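Descriptive analysis of the structure
Here is what each chain is made of, one letter per residue.
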Amino acid sequence: MIDVLIWPFLISIAAILYVYAGYITMLQLVVRIKGDRPIRSQPITPSVTLLISAYNEAAVIRKKLENALSIDYPSHLLAIVVVSDASDDGTDEIVREYADRNVRLFRQAERRGKTAGLNAAIATVRSDVVVFSDANAMYSRNAIRMLVRNFADGDIGCVTGEAQYLPQGDAVADVGERLYWGYEMQIKRLETSIGSMVGGDGAIYAIRTALWRTLPDNAINDFLNPLQIVAAGWRATYEPMAICSEETAGDTRVEYKRRVRIVSRSWRAVLHTPQVLNPFRVGLFAWCVLSHKVLRWFSGFFAAVALVCALEMSFEVVQRWPVAGAVVLLAAAAALLVSPVRRSSAMLWYFAVINAASVVGVVKGTFGQVSGVWSTARAVPTAPARGLVVPTGLVLLLGILAMSVVAVTAVPFGVYSTSTVVFWGSTAALGYVYIGYPAVLALLRAVIRKPIVKAATEPRVCLLIAANDEEAVIDAKLRNSLAVDYPHERFEIVVASDGSIDDTNAMVKRFAPRVRLLELSPRRGKIAAINEAMRSITAEIVIFSDANTFLDPQAVRELVQNFADPRVGAASGDVSLVGDRAALARSEDLYYLYERWVQQAESEIGSMIGADGALYAIRRELFVPPGNDTILDDMAIPMAVVRAGRRVVFEPTARGYEQGSETAAEEFARKSRVVAGAIQFLARRDSWIGMRSVQAIFSLVSHKGLRWLSPAFLTGAFVASLLLADVAPVYAAAATAQGLVFGLGLFGCWRPLRRLGIIALAHYFCLVQLAACVGFVRGVSGAQSVLWQRFQRATDPEPMVAHD
């Protein structure tokens, strides 16, 4: 097998090496042999129009216009035009304020995309030169003079400046993008030296106005336009002294989407101008297009082939020498504990992401699935993570450790097939999630316990209750809250009513002035209500609680005593479930007993992951508003505290009680919503933690990430055991055991049978796994509503007492 796979592996590796190292080396060689092709530049001042493309850029457009007006160029020769793609955030209103300063607004009545706007705007331009810019690109004072001096050379039709990316931090996308563009600048210089560079940069490039040709609305103007100019016989060059600066994406997910959009449209541009691949027409430029762009866009395919071949060959090597293979894998895992290696692995992750985006972009471009409409990456800011973000290093560490376990345990059974790998890999993952991780926590507690410095303290506290149609419990909730043992003058209660249409608002008003009501309409979801309420809250500590959660009198004091420790940024209480819970009580109680132990252990060694949304507190200064479409506030808000370098701790003596799920359907809906919100959270920057927070990353992956994937592991183990049932008794036994659990879980759908402990436990386990599977799909697809679902509440507060 190795003999068969070695050639595609070597060819793929060679292709990748050529794209990223061979091409630039050959460019240097060509320049050395042929010499630089000169550019006959000299100071000139043609008339210039600066076109600034904008869509909802209210956050930066004023700064951009002030920057443009400060450029060193004769004002009577420089026109500034903002091309607004139907912005609706106040961008256009800001631009109109500059009308008396030679700034013109060109607005598209409906949103059609950047290129459509440029097509329409350039039809009104009468200047000799057009300079294209983005709203977040800030020019140096001499940038335009440096650009236009190149047009003194009659062979040049397009000039691209140098976009420098400002360092925002050590996030993977920040560091990766800066390195990538530094590498790109070198290639652009060399390509210019032999003739023409490939493409342009939408942040800063200029053309002779007469060379603009109307482009398809979904085309990428800063790539197709320069290609057309070169195909027409002109040069496209790079001017390193024309400098602009802009921020990096700062978010690998944002960068991935941007790359997909750019590559899909750029690939279409090459298909639209095939003459640029004809060396008899454009000379060495055809080689540049092929090497610099086309092969690079396909490097993801090469990497995939190399990876598949490498894995297959590795399996065969490990089968022959299992001990040596395991040692090598464990050594690689250990290396990831070293900071420079972790940092390098994170950078590899960034380049893996952009190569994956290239593959997706090529596929979309081939099938015409491209759009000219773009969205700004300047969204609601999130708390900056400290240090290098994205838990890539530890994710890889866990993956390599799992591979090591598979390699060592699978071989003795004499079969090293895909099914074997799936079975033992899935079994190892499940064992680690439910047994291995708690065992590791127990060990860490004994070695690195981090005590919390608690003290009786009375900071100003606000109890924030987000509510929607809670007339059944809100009166009892507020009476319970007013009865807590805390000084009234230092204790505020705020109810954020999210579009309630029952008597909730009227009932809350009866408690004024001790209770403040925020009536919000229309209904937008819990996070939107929390964000709105937090604008007016000035208390030092904010406690979040649900309308159906009733507090022990000492709960507030027990929570706030943790904030005497300056390292603590959030504290979560212990909420018990009470009431008739559809014969799920014992199974659910076992689950929560296990969960509380894990949370306590995480708290004692650093930070717990997330909090209990029914009762948790944070320092007001550490609150970072999550996006209003966030599903889980009790994950996003506490993790922002972790990103700020503070601890999230568990306080078991801060007790609360709430009605548990009364039906299996209610529990299913609740669990699936939690997992959907968790998947949404992991896909966002809210989940990115500084690489210095090793414990938080380790716990996030082990406690949450891998557990949410447990349905996939269960399915893999079950299917693989069925396929291998006749290979060895262990597989037949595993298939039988799993089938028995699933069967008992199915029997539990009949409520009377749930009174049998083993059936109730199997039913609850299967219900949780199925809910996780549904939640995973909803989270990935974005199908989960941000509006929380409220089930029938118990109206009598008396049952809210703990079971012994």
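None of the values given here were measured: they were computed from a predicted structure.

1. Some thoughts on the overall build of the protein
Scanning the protein from terminus to terminus reveals 26 helices and 16 strands. In the protein, which comprises 804 residues, the proportion classed as buried is 55%. At a minimum sequence separation of 6, the contacts of the protein that also span at least 24 residues come to 82%. Counting every atom, the protein has about 34100 Å² of accessible surface; 62% of that belongs to carbon and sulfur.

2. Here we look at the sheet that holds strand 14 (residues 568–578)
With mixed pairing, eight strands are arranged side by side in an open sheet as 11-10-9-12-15-14-16-13. Each edge of the open sheet is held by one strand with a lone partner, namely strand 11 (515–520) and strand 13 (549–551). Strand-to-strand twist of the sheet, defined as the mean angle between neighbouring strand axes without regard to direction, takes the value 30°. In this fold helix 18 (residues 526–534) packs onto strand 9 (461–467), strand 10 (491–498), strand 11 and strand 12 (541–546), with an angle of close to 150° to the strand it touches most, strand 9.

3. Some words on helix 25 (residues 729–747)
Along its 19 residues, helix 25 runs 27 Å from first to last C-alpha, staying within 8% of the 27 Å computed at 1.5 Å per residue. When helix 25 is considered as a whole, its buried residues turn out to be Y731, A734, A735, Q738, L744 and G745.

4. Considerations on the pairing of strand 9
Most of strand 9 is tucked away, with seven of its seven residues classed as buried. Sheet analysis places strand 9 next to strand 10, joined by seven bridges and oriented parallel. From the neighbouring strand, L463 faces strand 10, where its bridge partner is I493. Tracing the backbone out of strand 9, into helix 16 (residues 474–482) and back to the parallel element strand 10 gives a crossover that is right-handed.

5. Considerations on the confidence of the model for the protein
When the pLDDT values of the protein are averaged, the result is 82; 80% of them are 70 or greater. Counting contacts from residues 403–416, a segment whose pLDDT is below 50, to residues more than four positions away or on other chains yields 30 contacts. Considering only residues more than four positions removed or in separate chains, one finds that residues 791–804, a stretch of pLDDT under 50, has 27 contacts.

6. A few points about the packing of aromatic side chains
Within the structure shown, the criterion is met by 16 aromatic pairs. For the ring pair F298 and F301, a centre distance of 5.4 Å and an interplane angle of 35° mean the geometry is tilted. Exposure remark for F298: the relative accessible area of 25% places this residue in the partly exposed category. Considering the side-chain rings of F423 and W424, the 5.1 Å spacing of their centres and the 90° angle between planes classify their relative orientation as edge-to-face. By relative accessible area, which is 4% here, F423 ends up buried. On the accessibility criterion, W424 (16% relative accessible area) is buried. Three or more aromatic residues link up through ring pairs in this structure, and these residues are F223, W267, W297, F298 and F301. Just above the ring of Y139 sits the side chain of K64; from NZ or CZ to the centre is 4.2 Å.

7. Notes on the packing of helix 24 (residues 710–723) against helix 25
The geometry of helix 24 relative to helix 25 is characterised by a closest axis approach of 8 Å and an angle of 130° between their N-to-C directions. The angle between helix 24 and helix 25 places the two elements in the oblique class. The handedness of the crossing between helix 24 and helix 25 is left-handed. Listed contacts from helix 25 to L714, A717, F718, S721 and L722 of helix 24 are Y731, A734, A735, Q738, G739 and F742. Tallied by class, the residues present in the contact of helix 24 with helix 25 amount to eight nonpolar, three polar and no charged.

8. Examining the pattern of salt bridges
Summed over the entire model, instances satisfying the criterion amount to 33 salt bridges. E162 serves as the salt-bridge partner of R189, at 3.3 Å between the closest nitrogen and oxygen. You can see R189 sitting in helix 6 (residues 172–194) and its partner E162 sitting in strand 6 (residues 156–166), a full 27 residues away along the chain. Using a relative accessible area of 10% as the deciding quantity, one classes E162 as buried. Across the salt bridge formed by R646 and E621, the nearest N and O atoms sit 3.9 Å from each other. Here E621 lies in the loop between strand 15 (615–619) and helix 21 (633–643) and R646 lies in the loop between helix 21 and strand 16 (647–659), a separation of 25 residues in the sequence. A relative accessible area of 25% places R646 in the partly exposed class. According to the relative accessible area criterion, E621 is exposed, its value standing at 62%.

9. Overview of helix 18
Think of an α-helix as turning once every 3.6 residues; residues three or four places apart then point the same way. Counting buried positions along helix 18 gives eight out of nine residues, so the element sits mostly inside the fold. Three or more residues of helix 18 are buried, namely K526, I527, A528, A529, I530, N531, A533 and M534.

10. Topic: the nonpolar core
Core analysis: the biggest nonpolar cluster contains 48 residues, and L51 and F132 have the highest contact counts within it. Dropping the residues within four chain positions of it, F132 is found in contact with L51, L118, I122, Y139, G202, A203, I204, Y205, I207, W212, N221 and N225. Formed by 45 residues, the second largest nonpolar core is a distinct cluster that contains Y98, A137, Y139 and Y238.

11. With respect to the pairing of strand 3 (residues 103–107)
Two elements, strand 2 (residues 78–84) and strand 3, share five bridges in a ladder whose sense is parallel. Directly across from S84, in strand 3, lies its bridge partner R107. Where the polypeptide runs from strand 2 across helix 3 (residues 91–96) and back to strand 3, its parallel neighbour, the crossover connection is right-handed.

12. Focus: the side chain of H292
Locating H292 in the fold gives a position in helix 10 (residues 284–297). A distance of 2.7 Å separates the side chain of H292 from the side chain of E191, its partner in a polar contact. Apart from residues lying up to four places away in sequence, H292 is in contact with Y23, E184, I187, E191 and V198.

13. Thoughts on the environment of T49
Inspection of the secondary structure assignment puts T49 in strand 1 (residues 48–54). T49 sits in the buried class, given a relative accessible area of 5%. For the pair T49 and I122, spaced 73 residues apart in sequence, the C-alpha to C-alpha distance is 9.2 Å. The contacts of T49, once residues within four sequence positions are left out, are A79, V81, V125, S127, V129, V130 and V131.

14. Examining the side chain of S193
For S193, the position within the fold is in helix 6. Engagement of the side chain of S193 in a polar contact is seen with the backbone oxygen of R189, the distance being 3.0 Å. The residues touching S193, leaving out its near neighbours within four places in the chain, are V31, G35, D36 and R37.

15. A short note on unusual backbone geometry
Residue P513 is reached from A512 by a cis peptide bond, and omega for that bond is 5°. Tracing the backbone through its elements, the reader meets P513 in the loop between helix 17 (504–509) and strand 11. The residue after S521, namely P522, is reached through a cis peptide bond having omega 0°. Checked against the element boundaries, P522 lands in the loop between strand 11 and helix 18.

16. Let's talk about the environment of S127
Examined against the element boundaries, S127 turns out to sit in the loop between helix 4 (114–122) and strand 4 (129–134). Separated by 48 residues in the primary sequence, S127 and A79 place their C-alpha atoms 8.4 Å from one another. The contacts of S127, once residues within four sequence positions are left out, are S47, V48, T49 and T209. Engagement of the side chain of S127 in a polar contact is seen with the backbone oxygen of V129, the distance being 2.9 Å.

17. Re the packing of helix 7 (residues 221–231) against helix 10
Direction vectors running N to C along helix 7 and helix 10 enclose 160°, while the axes themselves pass 12 Å from each other. Taken together, the axes of helix 7 and helix 10 are roughly antiparallel relative to one another. The handedness of the crossing between helix 7 and helix 10 is left-handed. Contacts between helix 7 and helix 10 involve F223, L227 and V230 from the former and F285, V289, K293 and W297 from the latter. Per-class residue counts for the contact of helix 7 with helix 10 are six nonpolar, no polar and one charged.

How each quantity is defined
- Throughout this description, residue numbers start from 1 for each chain and increase along the sequence as written.
- Where local features are concerned, this predicted model is filtered to residues with pLDDT of at least 70; where side-chain atom pairs are given and counted, the filter is 80 or more; whole-chain, interface and lining totals use all residues.
- As a rule here, side-chain values come from all non-hydrogen atoms in the structure, and water together with hydrogens is ignored.
- Helix numbering and strand numbering both begin at the N terminus, where a helix is a DSSP run of H or I of at least 4 residues and a strand a DSSP run of E of at least 2.
- Buried means the residue's accessible area, taken with a 1.4 Å probe over protein chains only, is under 20% of the maximum for its type, while exposed means over 50%, and partly exposed covers the values in between.
- Contact criterion: two residues are considered in contact whenever any of their non-hydrogen atoms come within 4.5 Å of each other.
- Residue exposure ignores everything except the shown protein chains as possible cover, and the areas themselves are Shrake-Rupley values with a 1.4 Å probe.
- Strands qualify as paired when DSSP identifies two bridges or more between them.
- Orientation is described by lines fitted to C-alpha atoms, with helices fitted over the stretch in contact, and by angles between N-to-C directions that extend from 0 to 180 degrees.
- Helix span, expected: 1.5 Å multiplied by one less than the number of residues in the helix.
- Orient the strands so they point away from the viewer, and a crossover whose first-strand-to-second-strand path over the helix runs clockwise is right-handed.
- Note: pLDDT gives the predictor's confidence per residue, expressed from 0 to 100.
- Two aromatic rings, drawn from Phe, Tyr or Trp (for Trp, its six-membered ring), form a pair once their centres lie within 6.5 Å of each other, and the interplanar angle then sorts them: stacked below 30 degrees, edge-to-face above 60, tilted otherwise.
- In this scheme, Lys NZ or Arg CZ marks a charge over a ring once it lies within 6 Å of the ring centre and within 35 degrees of the ring normal.
- Here is the rule for angles: anything less than 35 degrees is roughly parallel, anything more than 145 is roughly antiparallel, 65 through 115 is roughly perpendicular, and the remaining ranges are oblique.
- Note: crossing handedness is left-handed where the near helix turns anticlockwise from the far helix by less than a right angle, and right-handed where it turns clockwise.
- Each residue gets one of three labels, nonpolar for Ala, Val, Leu, Ile, Met, Phe, Trp, Tyr, Cys and Pro, charged for Asp, Glu, Lys and Arg, and polar for the others, Gly among them.
- By salt bridge we mean one thing: a side-chain nitrogen of Lys or Arg within 4 Å of a carboxyl oxygen of Asp or Glu.
- Put simply, buried Ala, Val, Leu, Ile, Met, Phe, Trp, Tyr and Cys residues joined by side-chain atoms within 4.5 Å make one nonpolar core.
- Two N or O atoms count as a polar contact when they lie within 3.5 Å, although within protein this holds only if one can serve as hydrogen donor and the other as acceptor, and sequence-adjacent residues are included solely when both atoms are side-chain atoms.

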